[in-house]
Amino acid sequence: MSKMEVKTSLLDNMIGVGDMVLLEPLAEESFLENLKKRFDHNEIYTYIGSVVISMNPYRSLPIYSPEKVEEYRNRNFYELSPHIFALADEAYRSLRDQDKDQCILITGESGAGKTEASKLVMSYVAAVCGKGAEVNQVKEQLLQSNPVLEAFGNAKTMRNDNSSRFGKYMDIEFDFKGDPLGGVISNYLLEKSRVVKQPRGERNFHIFYQLLSGAPDDMLKKLNLERDFSKYNYLSLDSATVNGVDDAANFRTVRNAMQIVGFMDDETQSVLEVVSAVLKLGNIEFKPESRVNGLDESRVKDKNELKEICELIGIEQAVLERAFSFRTVEAKQEKVSTTLNVAQAYYARDALAKNLYSRLFSWLVNRINESIKAQTKTRKKVMGVLDIYGFEIFENGDNSFEQFIINYCNEKLQQIFIELTLREEQEEYIREGIEWTHIDYFNNAIICDLIENNTNGILAMLDEECLRPGTVSDETFLEKLNQICAGHEHFESRMSKNSKFLNDHTLPHNCFRIQHYAGKVLYRVEGFVDKNNDLLYRDLSQAMWKASHSLVKSLFPDGNPTKINLKRPPTAGFQFKASVATLMKNLLTKNPNYIRCIKPNDKKATHIFTDSLVCHQVRYLGLMENVRVRRAGYAFRQTYEPCLERYKMLCKQTWPHWRGPAREGVEVLLKDLQIPREEYSYGRSKIFIRNPRTLFHLEDQRKQRLQDLATLIQKIYRGWKCRTRFLLMKRSQVTVAAWYRRYAQQKKYQRIKSSAIVVQSYIRGWKSRKILRELKYQKRCTEAVTTIAAYWHGTQVRRDYRKFFRANAGKKIYEFTIQRIMQKYFLELKNKMPSMSPIDKTWPARPYLFLEATHTELRRIFHLWRCKKYRDQFTEQKKAIYDEKLEASEMFKDKKALYPSSVGQPFQGDYLEISKNPKYQKLSTLVEEKIILADIVNKINRANGKGAPRIFLLTKNSFLLADQKSGQIKSSVPLSDLTSASMSAQTDGFFAVRVKEGTPAAAKGDFLLSSDRLIEIVTKLYRTCLSSTKEKINIEISDEFLVQFKQDKVCVKFVQGSPKNGSVAACKRKNNRLLEVAVPSP
Ligand SMILES: Nc1ncnc2c1ncn2[C@@H]1O[C@H](COP(=O)(O)OP(=O)(O)OP(=O)(O)O)[C@@H](O)[C@H]1O
Ligand SMILES: [Mg+2]
């Protein structure tokens, strides 16, 4: 919106006229005056239609700021005051939006500002195209390639402190979005003669001065250089420093730029090494040395310099030295070596320096191309920027081969310009069927032909002369020119057949003159053949190829002896012609945009406008012709459809829709607008508008109309918006009101309803309570009556029955009650009976205190009964066993510690099964009676207390001890001879069987035995004795008892043994009165 409001046009605040097409009257004077006026007001840009004329202001103007970039961005070409940015914007947008490849052709003479213009275009495009890390890097590399190429390819000349000494064409490649992808640079013909010699007041290429003044000391030392310019023959001294140029700072800029472009540190170093080698080559000097054959041979004067160069680029000194002294010519397998004289040696030296430097420059361009080339293979849109040396004329006639070549190139560019603008323009008019008065313009094709014609063009003849056998010189070349070109209307020479020049003394003998489109130029033929040959002796290129310095080696692939090419290399002229042809072909495929640079003065000064100089440039650039064509023709053309589309709102009939052919619509429109008939013409498909003013007029009207339309649209839109808003609000209001009313009524109704309910409930409550009160009263009355009646009846009955009642009622009630209680007690007891196990100690709790005795008694009876039940289950046999166990229990329980362990053991009796065991067959026959007990026991030796195993047999009448192995009976004692058995109260199994005194068995004394089954043995012994003798033997349990051993009474004493004795009791005879048994402690 804001952009639309800024109503700008080329016509606003115009100084002079911004477009020369609008110039009135059109003449050279008014043209120059207009340029001057604008120049004086710092308006350095002026249009001729779409061509931009740029005047060099020689000072920096504040018209390239980012704000300016924004101002010109996406604007119509004629919308703002003329600017190089408008052209750049137009070119960039038609590249991006209409997919047309563009080229920007910048021409003008040296110092006119071509290089600056090309940089401005590039920086504008960089500023407006896409952003992003990757894109920015590409942009940065493209922009930074400029300082590198300028350092190596530019030099200070008389006309320009930063003159490009090479032609440059750069293709910037974009993707479909218009983001830059990369670029390709082509370079044309570096002016290499500058390396070895510079005209007065001019300098060598910048890099030499930058290196010497900017390199740090250690770097210079490494390169074997000295800071002092005067030490180097190749650096002319008279203008070594340039005002306002800081070589040292520029050196840093260049190195930085090289880094950004992608040069590795060692690459930069190699490049600087080659540069210093070139510089040092100039210091090699030669002296003559006479030889036997009388000829002079050159010798290097100071070998030190040579040595340093050889070290720098890694060549054997002898190889280079030889290459400076000899020349080998190879022809048909023959090698002829000739010596060089001093002049030839200098020639060879300079040729080497020039070649080394120009090849280095080409290498740099290729290296930069490698860095900036686009990474993708997709189709690219291309914008080419051509910054080529301008037309060059040295007034003193010092024009040489270089100027000839440069001017040829400009001639070709002019031809493109003519072809594309003038011719195309006319042809279009014819195509469109527009009346056209033919304008004569000078077509320079004839000059181009003079130079480049393949058979008799000047370049072809020069090549022919160079290749011709026999003596060839510049003079013979001129002679040839005189023969062949004499008749050409643009060629003049003193010897030319055209007699009118015979007396022309301005034309020296060794010169020829060409009438270029831009004026006449006098060329001196001296050096033409040499420069065209561009000869470098093969010995030198072979020497260079032998260098160990990889860059130097790679610069001289032709020095490789295995790839010797006897064919001559193409001549400089031929090469240049070919590359110009390629360039032209390339440019012809693109949409051209022209910037024509003009130099206002020769002094590089601001504010000075030298009329003659500018006039000359205006003429040779053909600017007047350019304007005339634009004026005679039509400034603006457009196909009918877009034109109608654009302006149809200016006329009622065509707005808003025109039904019918577009052409008719445009006709109606223009008629309606009352545009003078001579201002426009109807072509077949396009409308042609003669004057830009008419177009501006249309544009202005359109803008005005657009505003009206915008107001109309706004008006309708606002009305519609307000109406719909109002209707919406109204609808909303109704809805809201309805809802509110409903809500309010609902509330009110609910309030009334709840009040009614409350009132209702109060009334109902009141009524109910009244009824309830009456009912309660009635009930109480009934109850009262009943109670009174009952009491009354009771009193009467009691009064009647009292006599039957009182005597036994109490007792009966008591008995009845007791009976009930007992009944209940027994029934409960029955349900809670404990288990039948005799060891079950539980018994239900007693319910009443008075039943205590009964309860205890019942418990006892129950227990006895269940014990009896238990006993009744036993067989006779089992009963006997239990009898025995009972006996044991009575004897030992709580008396002997061994007893508890015996409770669980069944008393088996015959453990040895004598009758069945064949081992004891003899023993079994000896003992006829039934064996009650048979077991192995330990018989304690009476003398020492040691134990020995014996079979212990108990029969009904006696007990026997027999040998365990043989079964032989050792002792047999009738049971009637036994008196008692003694044992300790401990866990041990020692026991003494005492024999009655005086019996046969008593002779040996009592038996002291030991067995684990002591309890069983003693119990069985006791019972058997009792049953057979009807006498009880005495059972003595004591920890100390006396036994009778033969005559002695010995005391057996049981002591608690120490733990070391373990768990086994041990018996020991202490003396003849004491036998001690150590019993394990419990
Ligand atoms: N638009 C500009 N604004 C300010 N100064 C400019 C402008 N154009 C050119 N100059 C000045 O003019 C000098 C010469 O310009 P430039 O190097 O572009 O000329 P050129 O046409 O490329 O010459 P040559 O053909 O010798 O290379 C620049 O160094 C700069 O000082
Ligand atoms: Mg330049």
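All figures in this text were calculated on a predicted structure; none of them were measured in a lab.

*Asks:* Is there a simple way to explain the overall build of the chain in this structure?
*Replies:* When helices and strands are counted, the chain shows 33 helices and 31 strands. Computed over the C-alpha atoms, the radius of gyration of the chain is 72 Å, more than 25% above the 31 Å expected from 2.2 N^0.38 for a compact globule of 1082 residues. Judged by the C-alpha coordinates and their principal axes, the chain covers about 200 × 130 × 50 Å. Evaluated residue by residue, the chain yields a buried proportion of 47% over its 1082 residues.

*Asks:* Sorry, what's going on with the site of ligand 1 here?
*Replies:* Not every one of the 17 residues close to ligand 1 is listed here, only the nearest: S110, K114, T115, S163 and S164. The separation between an oxygen atom of ligand 1 and a polar main-chain atom of G111 is 2.8 Å. In this structure, an oxygen atom belonging to ligand 1 sits 2.7 Å away from a side-chain N or O atom of T115. Out of a free accessible area of 620 Å², ligand 1 has 87% covered by protein chains. Of all the elements in the fold, those that place two or more residues in the shell around ligand 1 are α5 (114–128) and β5 (163–164). Ranked by residues supplied to the shell around ligand 1, first place goes to α5 with 3 residues. Across the shell around ligand 1, the residue classes break down as 4 nonpolar, 9 polar and 4 charged.

*Asks:* Can you help me understand the nonpolar core in this one?
*Replies:* Across soluble globular proteins, you tend to see nonpolar side chains buried next to one another. Core analysis: the biggest nonpolar cluster contains 185 residues, and F31, F152 and F512 have the highest contact counts within it. A total of 14 residues in this core trace back to one element, the largest contributor, which is helix α14 (residues 342–372). Not counting residues within four places of it along the chain, the set of residues in contact with F152 comprises F205, I207, V271, V275, Y357, L360, F361 and L364. Core analysis: the second largest hydrophobic core is formed by 32 residues, M891, F952, V993 and F1007 among them.

*Asks:* Any chance you could explain the coordination of the magnesium ion (ligand 2) here in plain terms?
*Replies:* Protein-derived ligands of the magnesium ion (ligand 2) are T115 (OG1) and S164 (OG), with the metal-ligand distances lying across 1.9 to 2.1 Å. Placement of T115 in helix α5 and of S164 in strand β5 is noted, with a sequence separation of 49 residues between them. The residues T115 and S164 share a single accessibility class, namely buried.

*Asks:* How should the side chain of Q210 be read in this particular structure?
*Replies:* Here Q210 lies in helix α8 (residues 206–214). Ignoring sequence-local partners within four residues, the contact set of Q210 consists of A151, A215, D247, N250, F251 and V254.

*Asks:* Before we go on, may I ask you to explain the sheet that holds strand β14 (residues 511–516) in this structure?
*Replies:* Pairing between the strands of a sheet is mediated by backbone hydrogen bonds and can be parallel or antiparallel. Strand order in the open sheet formed by 3 strands is β13-β14-β15, and the pairing between neighbours is antiparallel. Where the open sheet ends on each side, the last strands, each with one partner, are β13 (491–493) and β15 (519–524). Geometrically, the sheet is characterised by an average inter-axis angle of 25° between neighbouring strands, direction not taken into account. For β14 and β15, the ladder comprises 6 bridges, and the chain directions are antiparallel. Residue C511 lies in a different strand from β15, and its bridge partner there is R524. Helix α16 (residues 445–452) contacts β13 and β14 of the sheet and is inclined by roughly 150° relative to β14.

*Asks:* What is the right way to look at the pairing of strand β22 (residues 958–963) in this model?
*Replies:* Strand residues, when the strand is regular, have side chains that alternate between the two faces of the sheet. Of all 6 residues in β22, 6 are buried, a share of seventy percent or more. Of the two faces of β22, the one holding S958, L960 and A962 and the one holding F959, L961 and D963 are both buried throughout. Summarising the sheet, strand β21 (residues 947–955) and β22 pair through 5 bridges and their orientation is antiparallel. Its bridge partner being in β22, L954 is matched across the sheet by F959. The hairpin formed by β21 and β22 contains 2 residues between the paired strands. For β22 and strand β23 (residues 969–974), the ladder comprises 5 bridges, and the chain directions are antiparallel.

*Asks:* Mind showing me how you'd approach the pattern of salt bridges here?
*Replies:* When their charged atoms lie close together, side chains carrying opposite charge are able to pair. Going through the model one piece at a time under the given rule, you end up with 57 salt bridges. Among the ionic pairs, E667 bridges to R663, the shortest N-O distance being 3.1 Å. Highlighted residues: E667 and R663, both in helix α26 (residues 662–672), separated by 4 residues, approximately one helical turn. On the basis of relative accessible area, R663 is assigned to the partly exposed category, the value being 34%. A salt bridge links K779 to E783; the nearest nitrogen and oxygen atoms lie 3.9 Å apart. On the criterion of helical spacing, the pair formed by K779 and E783 is a turn pair, its members being 4 residues apart in helix α27 (residues 692–805).

*Asks:* What exactly am I supposed to notice about the state of the cysteines here?
*Replies:* By the definition in use, this model includes 0 disulfides. Cysteine C651 remains unbridged, with the sulfur of C643 as its closest cysteine sulfur at 12 Å.

*Asks:* How should I be thinking about helix α17 (residues 458–467) in this particular structure?
*Replies:* For an α-helix, the turn length of 3.6 residues means that residues three or four places apart are oriented alike. In terms of residue burial, α17 counts as a mostly covered element, since 8 of its 10 residues are buried. Buried within α17 are the following residues: I458, L459, A460, M461, L462, D463, E465 and C466.

*Asks:* Please clarify how the packing of aromatic side chains should be interpreted in this entry.
*Replies:* Each aromatic ring pair is summarised here by two numbers: the centre-to-centre distance and the angle between the ring planes. Enumeration over the complete set of coordinates arrives at 37 aromatic pairs. Relative to W363, the ring of F263 lies with its centre 6.3 Å away and its plane at 65°, an arrangement referred to as edge-to-face. Pair noted here: F263 is in the loop between α10 (247–261) and α11 (265–281) and W363 is in helix α14, with a separation of 100 residues, a long-range link. Exposure remark for F263: the relative accessible area of 3% places this residue in the buried category. For the pair Y870 and F874, a centre-to-centre distance of 5.4 Å together with 75° between the ring planes defines the contact as edge-to-face.

*Asks:* Is there a simple way to explain the packing of α11 against α14 in this structure?
*Replies:* Relative placement of two packed helices is described by the angle separating their axes and the distance separating the axes. Between α11 and α14, whose axes approach to 9 Å, the crossing angle comes to 160°. In terms of axis orientation, α11 runs roughly antiparallel to α14. Crossing hand, α11 versus α14: left-handed. Touching E267, V271, V274, V275, V278 and L281 of α11 are R349, L352, A353, L356, Y357, L360, W363, L364 and R367, all from α14.

*Asks:* What is the right way to read the environment of A581 from this model?
*Replies:* Position of A581 relative to the elements: it lies in helix α22 (residues 572–588). When its relative accessible area of 41% is taken as the criterion, A581 is described as partly exposed.

*Asks:* Explanation requested: the environment of A155 in the structure shown.
*Replies:* Within the secondary structure layout, A155 lies in strand β4 (residues 154–155). Its relative accessible area of 0% is what places A155 among the buried residues. Residues A155 and I313, spaced 158 residues apart in sequence, show a C-alpha to C-alpha distance of 25 Å. Setting aside anything within four residues of it in sequence, one finds A155 in contact with N160, D161, N162, S163, R165, R194, R203, N204, F205 and H206.

*Asks:* Which parts of the structure should I look at to understand α10?
*Replies:* For α10, with 15 residues, the first-to-last C-alpha span of 20 Å sits near the 21 Å given by 1.5 Å per residue. Taken together, the buried positions of α10 are D247, A248, F251, V254, A257, M258 and V261. Here the buried face of α10 lies against α6 (133–153), α8, α9 (217–222), α11 and α14. Near the N-terminus of α10, the side chain that reaches the backbone nitrogen of A248, with its oxygen 3.1 Å away, is that of D246. Phi turns positive, to about 120°, at G262, one or two residues after α10.

*Asks:* What exactly am I supposed to notice about the pairing of strand β20 (residues 931–940) here?
*Replies:* Of all 10 residues making up β20, 7 are buried, and the element is well covered by its neighbours. Here 9 bridges tie β20 to β21, and the two strands are oriented antiparallel to one another. In the sheet register, L933 faces β21, and the bridge partner there is L954. Once β20 ends, the chain turns through 6 residues before running back antiparallel as β21, passing G945 with a positive phi of about 85°. Of the strand pairs in this sheet, β20 and strand β26 (residues 1007–1010) are connected by 2 bridges, and their pairing is antiparallel. Within β26, the position partnered with N938 by the bridge is S1010.

*Asks:* Looking at this model, I keep getting lost on unusual backbone geometry. Mind explaining?
*Replies:* Most peptide bonds take the trans form, and the phi angle of most residues other than glycine is negative. The amide bond that connects W655 to the next residue, P656, takes the cis arrangement and shows omega of 0°. Non-glycine residue N224 carries a positive phi angle of around 60°. Structurally, N224 is set in the loop between α9 and α10. Note on N224: relative accessible area 30%, which makes it partly exposed. Phi is positive for H607, which is not a glycine, with a value near 65°. Summarising the element assignment, H607 is placed in the loop between β16 (591–598) and α23 (611–620).

Cut-offs used in this document
Residues numbered from 1 in each chain as written. Chains lettered and ligands numbered in written order. Predicted model: local features only at pLDDT ≥ 70, side-chain atom pairs only at ≥ 80, totals over all residues. Heavy atoms only, no water. Helix = DSSP H or I, 4+ residues; strand = E, 2+ residues; numbered from the N terminus. Rg over C-alpha atoms; globule rule 2.2 N^0.38 Å. Buried < 20%, exposed > 50% of the residue type's maximum accessible area, 1.4 Å probe, protein only. Near = heavy atom within 4 Å. Polar contact = N/O pair within 3.5 Å; in protein donor to acceptor, adjacent residues only side chain to side chain. Areas by Shrake-Rupley, 256 points an atom, 1.4 Å probe, with all protein chains shown as cover. Nonpolar A, V, L, I, M, F, W, Y, C, P; charged D, E, K, R; others polar. Core = buried A, V, L, I, M, F, W, Y, C linked by side-chain atoms within 4.5 Å. Contact = heavy atoms within 4.5 Å. Donors = N, O, S within 2.8 Å, 3.2 Å for Na, K, Ca; no water. Pairing = 2+ DSSP bridges. Axes fitted to C-alpha atoms, helices over the stretch in contact; angles between N-to-C directions. Salt bridge = Lys/Arg side-chain N within 4 Å of Asp/Glu carboxyl O. Disulfide = S-S within 2.5 Å. Phe/Tyr/Trp six-rings, centres within 6.5 Å; stacked < 30°, edge-to-face > 60°. Parallel < 35°, antiparallel > 145°, perpendicular 65-115°, else oblique. Left-handed = near helix turned anticlockwise from the far one by under 90°. Expected span 1.5 Å × (residues − 1).

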